[in-house]
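Chain residues, written in single-letter form:
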Amino acid sequence: MKIRIKNKEYEVEIIDNNQGKIIIKVDNKEFEFSLEENKLKNILPISSVKKQESVKEIKAPLTGTISDIFIKEGEEIKQGKKLLILSAMKMENEILCTHDSKIKKILIEKNQKVKEGDPLIILF
Amino acid sequence: MNYIEFEKTDSTNNEAKKGKYKPWTVLVAKEQTQGRGKLGEKWFSPNGGLYFSIILPKTNINDLQTMTILAAFCVAKIIKQEYDLEPLIKIPNDVLINNKKVCGILTENIIDKEIKLSVIGIGLNTNINKFNKELKNIATSISIESNKKINNKKIMEKIVLELKEQFKLIT
(Lines give C-alpha, C1' and ligand atoms only; values in the text may rest on other atoms or scores of the structure.)
Protein backbone atom coordinates (compact mmCIF):
# COMPACT_ATOMS: atom_id res chain seq x y z
CA MET A 1 0.00 0.00 0.00
CA LYS A 2 1.00 3.61 -0.46
CA ILE A 3 1.30 6.09 2.35
CA ARG A 4 1.66 9.80 1.75
CA ILE A 5 3.57 11.83 4.33
CA LYS A 6 4.10 15.53 3.64
CA ASN A 7 3.45 15.09 -0.07
CA LYS A 8 5.96 12.23 -0.42
CA GLU A 9 4.61 8.78 -1.17
CA TYR A 10 6.05 5.64 0.34
CA GLU A 11 5.35 2.09 -0.77
CA VAL A 12 4.79 0.15 2.41
CA GLU A 13 4.32 -3.57 2.90
CA ILE A 14 3.79 -5.36 6.16
CA ILE A 15 4.80 -8.99 6.29
CA ASP A 16 4.06 -11.27 9.22
CA ASN A 17 6.44 -14.21 9.02
CA ASN A 18 4.48 -16.09 11.68
CA GLN A 19 7.62 -16.57 13.70
CA GLY A 20 7.11 -13.75 16.15
CA LYS A 21 8.49 -11.16 13.81
CA ILE A 22 7.00 -8.56 11.54
CA ILE A 23 8.81 -7.15 8.58
CA ILE A 24 7.81 -3.72 7.36
CA LYS A 25 9.12 -2.87 3.91
CA VAL A 26 9.31 0.80 3.06
CA ASP A 27 10.36 1.47 -0.54
CA ASN A 28 12.10 -1.93 -0.55
CA LYS A 29 14.01 -1.27 2.66
CA GLU A 30 13.14 -3.85 5.30
CA PHE A 31 12.62 -3.13 8.95
CA GLU A 32 12.25 -6.06 11.28
CA PHE A 33 10.24 -5.91 14.49
CA SER A 34 9.79 -8.50 17.20
CA LEU A 35 6.26 -9.08 18.36
CA GLU A 36 5.25 -8.89 21.94
CA GLU A 37 1.92 -10.63 21.90
CA ASN A 38 0.31 -8.70 24.70
CA LYS A 39 1.18 -5.36 23.19
CA LEU A 40 -0.12 -6.41 19.81
CA LYS A 41 -3.50 -7.14 21.32
CA ASN A 42 -3.70 -3.54 22.38
CA ILE A 43 -3.31 -2.24 18.86
CA LEU A 44 -6.64 -0.95 17.72
CA PRO A 45 -8.02 -1.81 14.31
CA ILE A 46 -7.87 1.11 11.87
CA SER A 47 -11.63 1.72 11.99
CA SER A 48 -11.47 2.35 15.72
CA VAL A 49 -8.58 4.78 15.45
CA LYS A 50 -10.75 7.11 13.36
CA LYS A 51 -11.91 10.01 15.50
CA GLN A 52 -15.19 9.20 17.18
CA GLU A 53 -17.92 11.54 15.99
CA SER A 54 -21.09 12.13 17.93
CA VAL A 55 -23.59 12.39 15.10
CA LYS A 56 -26.78 14.20 16.00
CA GLU A 57 -29.87 14.73 13.94
CA ILE A 58 -32.35 17.53 13.89
CA LYS A 59 -35.74 15.93 13.34
CA ALA A 60 -39.01 17.45 12.22
CA PRO A 61 -41.00 18.27 15.37
CA LEU A 62 -44.22 18.12 13.34
CA THR A 63 -45.50 17.32 9.88
CA GLY A 64 -45.28 20.24 7.44
CA THR A 65 -43.37 21.91 4.62
CA ILE A 66 -39.87 23.34 4.70
CA SER A 67 -40.35 26.98 3.72
CA ASP A 68 -36.82 28.26 4.26
CA ILE A 69 -33.33 26.98 5.04
CA PHE A 70 -30.71 29.29 6.57
CA ILE A 71 -27.62 27.10 6.79
CA LYS A 72 -25.15 25.40 4.49
CA GLU A 73 -23.31 22.11 4.76
CA GLY A 74 -19.98 22.53 6.54
CA GLU A 75 -21.12 25.67 8.34
CA GLU A 76 -20.22 26.01 12.00
CA ILE A 77 -23.20 27.06 14.02
CA LYS A 78 -23.84 28.29 17.52
CA GLN A 79 -26.58 27.19 19.86
CA GLY A 80 -29.74 29.13 19.09
CA LYS A 81 -28.92 29.63 15.40
CA LYS A 82 -32.01 29.62 13.21
CA LEU A 83 -31.72 26.53 10.98
CA LEU A 84 -34.95 26.49 9.00
CA ILE A 85 -38.62 27.35 8.94
CA LEU A 86 -41.13 24.55 8.95
CA SER A 87 -44.61 25.71 8.00
CA ALA A 88 -47.06 23.43 9.64
CA MET A 89 -50.62 23.51 10.82
CA LYS A 90 -50.88 27.03 9.34
CA MET A 91 -48.11 28.28 11.62
CA GLU A 92 -44.51 29.12 10.92
CA ASN A 93 -42.06 27.29 13.12
CA GLU A 94 -38.47 28.42 13.42
CA ILE A 95 -36.27 25.47 14.23
CA LEU A 96 -33.17 26.42 16.23
CA CYS A 97 -29.94 24.55 16.83
CA THR A 98 -29.81 23.10 20.33
CA HIS A 99 -26.01 23.23 20.76
CA ASP A 100 -22.80 24.53 19.17
CA SER A 101 -22.06 22.28 16.23
CA LYS A 102 -21.24 21.97 12.55
CA ILE A 103 -23.62 21.06 9.73
CA LYS A 104 -22.64 17.68 8.30
CA LYS A 105 -25.51 17.14 5.90
CA ILE A 106 -28.77 18.85 4.96
CA LEU A 107 -31.30 16.19 4.06
CA ILE A 108 -34.13 18.46 2.92
CA GLU A 109 -34.85 21.13 0.31
CA LYS A 110 -37.00 24.21 0.30
CA ASN A 111 -40.71 23.40 -0.27
CA GLN A 112 -40.17 19.75 0.63
CA LYS A 113 -42.89 18.10 2.69
CA VAL A 114 -41.73 16.28 5.80
CA LYS A 115 -43.37 14.09 8.40
CA GLU A 116 -42.98 14.40 12.15
CA GLY A 117 -39.79 12.62 13.18
CA ASP A 118 -38.15 12.77 9.75
CA PRO A 119 -34.44 13.61 9.99
CA LEU A 120 -33.79 17.07 8.51
CA ILE A 121 -30.18 17.89 9.29
CA ILE A 122 -27.21 15.85 10.46
CA LEU A 123 -24.78 17.60 12.79
CA PHE A 124 -21.26 16.61 13.76
CA MET B 1 -53.22 44.86 29.83
CA ASN B 2 -49.46 45.00 29.46
CA TYR B 3 -48.81 46.58 26.10
CA ILE B 4 -45.86 48.28 24.48
CA GLU B 5 -46.35 50.70 21.63
CA PHE B 6 -43.89 51.38 18.82
CA GLU B 7 -44.15 54.32 16.43
CA LYS B 8 -42.65 52.15 13.71
CA THR B 9 -41.09 48.69 13.63
CA ASP B 10 -40.18 46.16 10.95
CA SER B 11 -42.72 43.66 12.25
CA THR B 12 -44.26 43.26 15.69
CA ASN B 13 -43.79 39.48 15.38
CA ASN B 14 -40.07 40.03 14.81
CA GLU B 15 -39.94 42.22 17.90
CA ALA B 16 -41.83 39.57 19.88
CA LYS B 17 -39.40 36.85 18.78
CA LYS B 18 -36.51 38.68 20.42
CA GLY B 19 -37.66 36.83 23.52
CA LYS B 20 -37.65 39.85 25.84
CA TYR B 21 -41.31 39.84 26.75
CA LYS B 22 -43.51 37.99 29.21
CA PRO B 23 -46.61 36.00 28.20
CA TRP B 24 -49.59 38.13 27.28
CA THR B 25 -47.47 41.18 26.60
CA VAL B 26 -48.94 42.92 23.56
CA LEU B 27 -46.62 44.70 21.15
CA VAL B 28 -48.35 47.21 18.93
CA ALA B 29 -46.97 49.36 16.12
CA LYS B 30 -48.49 52.36 14.40
CA GLU B 31 -46.67 51.31 11.26
CA GLN B 32 -44.71 48.25 10.11
CA THR B 33 -42.01 48.43 7.46
CA GLN B 34 -41.89 44.67 6.87
CA GLY B 35 -45.30 43.45 7.91
CA ARG B 36 -45.84 39.94 6.58
CA GLY B 37 -48.27 37.11 6.41
CA LYS B 38 -47.69 33.42 5.97
CA LEU B 39 -44.81 32.24 3.79
CA GLY B 40 -43.29 35.70 3.76
CA GLU B 41 -46.18 37.39 1.93
CA LYS B 42 -46.17 41.13 2.53
CA TRP B 43 -48.80 42.69 4.76
CA PHE B 44 -49.52 46.28 3.78
CA SER B 45 -49.00 48.12 7.09
CA PRO B 46 -49.35 51.89 6.73
CA ASN B 47 -50.19 54.31 9.48
CA GLY B 48 -53.85 54.01 10.48
CA GLY B 49 -54.02 50.23 10.63
CA LEU B 50 -53.71 48.09 13.73
CA TYR B 51 -50.68 45.80 13.91
CA PHE B 52 -50.04 43.86 17.09
CA SER B 53 -48.48 40.70 18.42
CA ILE B 54 -49.38 38.80 21.55
CA ILE B 55 -46.81 36.67 23.36
CA LEU B 56 -48.55 33.43 24.23
CA PRO B 57 -47.89 31.36 27.34
CA LYS B 58 -46.15 28.05 26.75
CA THR B 59 -48.49 25.40 25.54
CA ASN B 60 -48.56 22.49 23.11
CA ILE B 61 -48.59 22.69 19.33
CA ASN B 62 -52.23 21.59 18.98
CA ASP B 63 -53.41 24.37 21.30
CA LEU B 64 -51.42 26.84 19.26
CA GLN B 65 -53.11 25.76 16.06
CA THR B 66 -56.47 26.08 17.77
CA MET B 67 -55.48 29.57 18.97
CA THR B 68 -54.68 30.63 15.41
CA ILE B 69 -58.17 29.68 14.30
CA LEU B 70 -59.72 31.18 17.44
CA ALA B 71 -57.91 34.47 16.81
CA ALA B 72 -59.73 34.83 13.50
CA PHE B 73 -62.97 34.00 15.30
CA CYS B 74 -62.29 36.63 18.01
CA VAL B 75 -61.50 39.34 15.45
CA ALA B 76 -64.63 38.55 13.43
CA LYS B 77 -66.78 38.52 16.56
CA ILE B 78 -65.51 41.96 17.70
CA ILE B 79 -65.95 43.47 14.21
CA LYS B 80 -69.54 42.21 14.06
CA GLN B 81 -70.33 43.27 17.60
CA GLU B 82 -68.79 46.75 17.44
CA TYR B 83 -69.43 47.83 13.87
CA ASP B 84 -72.41 45.80 12.79
CA LEU B 85 -70.60 44.33 9.80
CA GLU B 86 -70.76 40.77 8.48
CA PRO B 87 -67.23 39.38 8.55
CA LEU B 88 -66.40 35.99 7.11
CA ILE B 89 -63.63 33.78 8.46
CA LYS B 90 -61.45 32.25 5.81
CA ILE B 91 -60.06 29.26 7.66
CA PRO B 92 -57.63 29.22 9.25
CA ASN B 93 -56.26 32.70 9.53
CA ASP B 94 -57.94 35.42 7.46
CA VAL B 95 -61.02 37.55 8.03
CA LEU B 96 -62.91 38.97 5.05
CA ILE B 97 -65.62 41.59 4.66
CA ASN B 98 -67.51 41.64 1.35
CA ASN B 99 -65.00 39.07 0.08
CA LYS B 100 -62.05 41.36 0.70
CA LYS B 101 -59.38 40.73 3.29
CA VAL B 102 -59.59 42.90 6.39
CA CYS B 103 -57.41 40.90 8.79
CA GLY B 104 -54.51 38.48 8.59
CA ILE B 105 -53.14 36.34 11.39
CA LEU B 106 -49.71 34.79 11.59
CA THR B 107 -48.70 32.51 14.44
CA GLU B 108 -45.00 31.84 14.79
CA ASN B 109 -43.25 29.42 17.11
CA ILE B 110 -39.61 29.12 18.00
CA ILE B 111 -38.63 25.54 18.70
CA ASP B 112 -35.39 24.01 19.95
CA LYS B 113 -35.81 21.00 22.22
CA GLU B 114 -39.30 22.23 22.92
CA ILE B 115 -41.51 25.18 22.04
CA LYS B 116 -39.50 28.10 23.35
CA LEU B 117 -41.72 30.99 22.30
CA SER B 118 -45.05 31.46 20.56
CA VAL B 119 -46.46 34.66 19.20
CA ILE B 120 -49.68 35.41 17.44
CA GLY B 121 -49.52 38.41 15.14
CA ILE B 122 -52.63 40.22 13.95
CA GLY B 123 -52.81 42.78 11.18
CA LEU B 124 -56.17 44.50 11.07
CA ASN B 125 -57.09 47.11 8.49
CA THR B 126 -58.87 49.64 10.63
CA ASN B 127 -58.40 53.27 9.52
CA ILE B 128 -56.99 52.66 6.05
CA ASN B 129 -59.00 54.61 3.50
CA LYS B 130 -57.09 53.85 0.35
CA PHE B 131 -55.36 50.77 -1.02
CA ASN B 132 -52.99 50.69 -3.94
CA LYS B 133 -53.87 49.20 -7.35
CA GLU B 134 -52.69 45.69 -6.47
CA LEU B 135 -54.72 45.55 -3.28
CA LYS B 136 -57.86 47.57 -3.88
CA ASN B 137 -59.83 44.62 -5.25
CA ILE B 138 -58.72 42.16 -2.59
CA ALA B 139 -58.38 44.25 0.58
CA THR B 140 -60.67 46.48 2.59
CA SER B 141 -60.78 48.15 5.99
CA ILE B 142 -63.31 48.53 8.77
CA SER B 143 -63.43 52.30 8.19
CA ILE B 144 -64.22 51.82 4.47
CA GLU B 145 -66.93 49.27 5.26
CA SER B 146 -68.49 51.12 8.20
CA ASN B 147 -67.79 54.76 7.34
CA LYS B 148 -66.54 55.16 10.91
CA LYS B 149 -63.28 56.13 12.48
CA ILE B 150 -61.96 53.21 14.49
CA ASN B 151 -60.41 53.44 17.94
CA ASN B 152 -57.43 51.13 17.49
CA LYS B 153 -56.61 50.79 21.16
CA LYS B 154 -60.17 49.94 22.12
CA ILE B 155 -60.59 47.26 19.44
CA MET B 156 -57.19 45.77 20.27
CA GLU B 157 -58.06 45.50 23.96
CA LYS B 158 -61.33 43.77 23.14
CA ILE B 159 -59.60 41.26 20.85
CA VAL B 160 -56.90 40.48 23.43
CA LEU B 161 -59.46 39.99 26.20
CA GLU B 162 -61.48 37.68 23.99
CA LEU B 163 -58.36 35.69 23.08
CA LYS B 164 -57.42 35.31 26.75
CA GLU B 165 -60.86 33.91 27.47
CA GLN B 166 -60.60 31.45 24.59
CA PHE B 167 -57.11 30.42 25.68
CA LYS B 168 -58.39 29.60 29.17
CA LEU B 169 -61.09 27.44 27.64
CA ILE B 170 -58.83 25.34 25.46
CA THR B 171 -55.83 24.83 27.75
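Bear in mind the structure is a predicted one, so any value in this text is a computation, not a measurement.

Right, let's get into the pairing of strand E2 (residues 26–29) of chain B. Residues and elements named next belong to chain B. What you see with E2 is no split at all: Val26 and Val28 on one side and Leu27 and Ala29 on the other are buried throughout. Taken together, the four bridges between strand E1 (residues 3–6) and E2 define a ladder with parallel strand orientation. Looking at E2, one finds that isoleucine 4 is bridged to leucine 27. Sheet topology places E2 next to strand E3 (residues 50–56); four bridges connect them, and they run antiparallel. Looking at E3, one finds that alanine 29 is bridged to tyrosine 51.

Quick look at the sheet that holds strand E12 (residues 119–123) of chain A now. Note: strands within a sheet are paired through backbone hydrogen bonds, in either parallel or antiparallel orientation. Taken together, four strands build an open sheet; the order of strands is E5-E12-E10-E7 (chain A) and the sheet is antiparallel. The open sheet terminates on both sides in strands that have one partner only, identified here as strand E5 (56–59) and strand E7 (76–77) of chain A.

All right, on to the packing of aromatic side chains then. How two aromatic rings sit relative to each other is given by the distance of their centres and the angle of their planes. Under the criterion given, the structure shown has two aromatic pairs over all chains. Geometrically, the ring pair formed by Trp24(B) and Phe167(B) is edge-to-face, given 5.4 Å between the ring centres and 85 degrees between the ring planes. Of this pair, Trp24(B) sits in the loop between helix H1 (12–16) and E2 while Phe167(B) is found in helix H4 (residues 152–170), placing the two residues 143 residues apart along the sequence. We note that Trp24(B), like Phe167(B), is buried. Seen from their ring centres, Phe44(B) and Phe131(B) are 5.8 Å apart, and the 50 degrees between their planes marks the pair as tilted. Within this pair, whereas Phe44(B) is found in the loop between E2 and E3, its partner Phe131(B) is found in the loop between strand E7 (115–124) and helix H3 (142–146), the two being separated by 87 residues in sequence. By relative accessible area, which is 10% here, Phe131(B) ends up buried. Seen from the ring of Phe70(A), Lys82(A) lies directly overhead, with NZ or CZ sitting 4.7 Å from the centre.

All names here are of chain B. Judged by nonpolar contacts, the single largest core of 58 residues is most densely connected at Phe52, Ile54 and Leu124. When residues in this core are grouped by element, the largest group, 12 residues, is from helix H2 (residues 61–83). Leaving out residues up to four positions away in the same chain, isoleucine 54 has contacts with Trp24, Thr25, Val26, Ser118, Val119, Ile120, Ile122, Val160 and Leu163. The next biggest cluster of nonpolar side chains, apart from the first, holds 10 residues, and it includes Tyr21, Leu27, Ala29 and Leu117.

What follows concerns the pattern of salt bridges. Residue and element names in this part refer to chain B. One pass over the structure, following the stated rule, counts 15 salt bridges over all chains. Put simply, lysine 18 and glutamate 15 hold a salt bridge, and the shortest N to O gap is 2.9 Å. Overall, the relative accessible area of 54% leaves lysine 18 in the exposed class. Its salt-bridge partner being lysine 101, residue aspartate 94 comes within 3.5 Å of it at the nearest N-O pair. When its relative accessible area of 7% is taken as the criterion, aspartate 94 is described as buried.

What follows is about the interface of chain A and chain B. On the side of chain B, 22 residues touch chain A, which itself brings 13 residues to the contact. Between chain A and chain B, the buried area comes to about 1400 Å², and carbon and sulfur atoms account for 61% of it. Considering only the side of chain A, the residues that lose the most area to chain B are Lys90(A), Met91(A) and Glu92(A), jointly responsible for 42% of the buried surface there. Taken together, chain A and chain B are joined by one salt bridge. Run the count over chain A and chain B and you get seven residue pairs in polar contact (both at pLDDT 80 or more). Examining the composition of the side of chain A that touches chain B, we find that six residues originate from one element, strand E9 (residues 91–96) of chain A, more than from any other. In the side of chain A that touches chain B, the residues fall into six nonpolar, four polar and three charged. Pairing of E9(A) with strand E6 (residues 100–111) of chain B, which is carried by five bridges, proceeds in the parallel orientation. Following the sheet pairing, Ile95(A) is matched in E6(B) by Ile111(B).

Once that is clear, we can look at the confidence of the model for chain A. All names here are of chain A. Residues of chain A with pLDDT of at least 70 account for 73%, and the chain-wide mean is 79. By mean pLDDT, helix H2 (residues 46–49) is the weakest element of chain A at 44, and strand E11 (residues 113–114) is the strongest at 97. Note that pLDDT drops below 50 for residues 40–53; the model gives that stretch four contacts with residues more than four away or on any other chain.

Conventions adopted
- For every chain, the first residue of the written sequence is number 1, and numbering continues from 1 along that sequence.
- Following the order in which they are written, the chains are lettered starting with A and the ligands numbered starting with 1.
- Residue-level local features of this predicted model are given only where pLDDT is at least 70; pairs of side-chain atoms are given and counted only at 80 or more, and the full residue set underlies all totals for whole chains, interfaces and linings.
- The side-chain numbers reported here are obtained from all heavy atoms of the structure, hydrogens and water having been left aside.
- Only protein chains enter the area calculation, which uses a 1.4 Å probe; residues under 20% of their type maximum are buried, those over 50% are exposed, and those in between are partly exposed.
- Strands are runs of DSSP state E lasting at least two residues, helices are runs of H or I lasting at least four, and both sets are numbered from the N terminus onward.
- Paired strands, as defined in this entry, are two strands with at least two bridges between them according to DSSP.
- Note on ring pairs: Phe, Tyr and Trp rings are taken, using the six-membered ring of Trp, and paired if centres are within 6.5 Å. Classes follow the plane angle, with under 30 degrees stacked, over 60 edge-to-face and the rest tilted.
- A ring is considered to have a charge above it if a Lys NZ or an Arg CZ atom is located within 6 Å of its centre and within 35 degrees of its normal.
- In this description, a nonpolar core means a group of buried Ala, Val, Leu, Ile, Met, Phe, Trp, Tyr and Cys residues linked to one another through side-chain atoms lying within 4.5 Å.
- In this analysis, two residues are considered to be in contact whenever any of their non-hydrogen atoms come within 4.5 Å of each other.
- We define a salt bridge as a side-chain nitrogen of Lys or Arg found within 4 Å of a carboxyl oxygen belonging to Asp or Glu.
- For any pair of parts, buried area is found by adding up, for both, the accessible area (1.4 Å probe) each one loses once the two are put together.
- For the purposes of these results, a polar contact is taken to be a pair of N or O atoms within 3.5 Å, where, inside protein, one atom must be able to donate a hydrogen and its partner to accept one; residues adjacent in sequence count only when each atom of the pair is a side-chain atom.
- When residue character is reported, Ala, Val, Leu, Ile, Met, Phe, Trp, Tyr, Cys and Pro are called nonpolar, Asp, Glu, Lys and Arg charged, and the others, Gly included, polar.
- The pLDDT score gives, residue by residue, the confidence of the prediction method on a 0 to 100 scale.

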